Amino acid sequence: MDTIQWIMLGTFIIALGLTLLKLYVFFPNKPLLDDDTTPQAVAKLQNIMVECDRLNPHLDEENLFQKIREHPEFDSTFYWRFNLNRLRHLIENYRLQKPNFRH
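Residues numbered from 1 in each chain as written. Predicted model: local features only at pLDDT ≥ 70, side-chain atom pairs only at ≥ 80, totals over all residues. Heavy atoms only, no water.

## Considering the pattern of salt bridges
Tallied over the full model, the rule gives five salt bridges. Note that Arg81 and Asp36 form a salt bridge whose closest N and O atoms lie 3.0 Å from each other. With Arg81 in the loop between helix H3 (61–70) and helix H4 (84–97) and Asp36 in the loop between helix H1 (3–26) and helix H2 (39–55), this residue pair connects regions lying 45 residues apart in the sequence. Overall, Arg81 belongs to the partly exposed group, its relative accessible area being 32%. Judged by its relative accessible area of 1%, Asp36 is buried. Ionic contacts of the salt-bridge type, sharing partners, join the residues Asp34, Asp36, Arg81 and Arg86 into one network. (Salt bridge = Lys/Arg side-chain N within 4 Å of Asp/Glu carboxyl O. Helix = DSSP H or I, 4+ residues; strand = E, 2+ residues; numbered from the N terminus. Buried < 20%, exposed > 50% of the residue type's maximum accessible area, 1.4 Å probe, protein only.)

Rendered as structure tokens:
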């Protein structure tokens, strides 16, 4: 191989190494502190939803959303992404587990 080919190969290997390093740094390696999508966080949110629905059985989704946000166990800093669309998704997932859920 010529000298120029060795230089090109070395440059390619260095660029590839830098690219892989940037990808490693970009993707999260540890769980986030406010990750509310873990099974434990979803289960807690489902329990709050079921309790609010049981205590107030004839609420529509918007009022149920307000009751969940007012619940004493609801942590608004941890569940800062919780919105009406997320509640609808939570209801549908809970209905798949328990088809007799009335809401």
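## Focus on the side chain of Arg86
With respect to the helices and strands, the residue Arg86 is situated in helix H4. Exposure remark for Arg86: the relative accessible area of 17% places this residue in the buried category. The residues contacting Arg86, other than those within four sequence positions of it, are Asp36, Val42 and Leu45. (Contact = heavy atoms within 4.5 Å.)

## Here's the deal with H1
Given a rise of 1.5 Å per residue, 24 residues ought to cover 34 Å, and the 35 Å separating the end C-alpha atoms of H1 matches this to within 8%. Burial analysis of H1 places just zero of its 24 residues in the buried class, which makes it a mostly uncovered element. (Expected span 1.5 Å × (residues − 1).)

## Here we look at H4
The periodicity of an α-helix, 3.6 residues per turn, causes residues three or four places apart in sequence to face the same way. Here H4 spans 20 Å end to end across 14 residues, near enough to the 20 Å set by a 1.5 Å rise per residue. Within H4, burial applies to Arg86, Leu87, Leu90, Ile91 and Tyr94. Taken around the axis of H4, the buried residues stretch over an arc of 140°, which confines them to a single face. For H4, the exposed residues lying more than 90 degrees away from the buried face are Asn85 and Leu96. Against H2 and H3 lie the buried residues of H4. Here H4 starts with a cap whose side-chain oxygen sits 3.3 Å from the backbone nitrogen of Asn85, and that cap is Asn83. (Arc of directions from axis to C-beta. Polar contact = N/O pair within 3.5 Å; in protein donor to acceptor, adjacent residues only side chain to side chain.)

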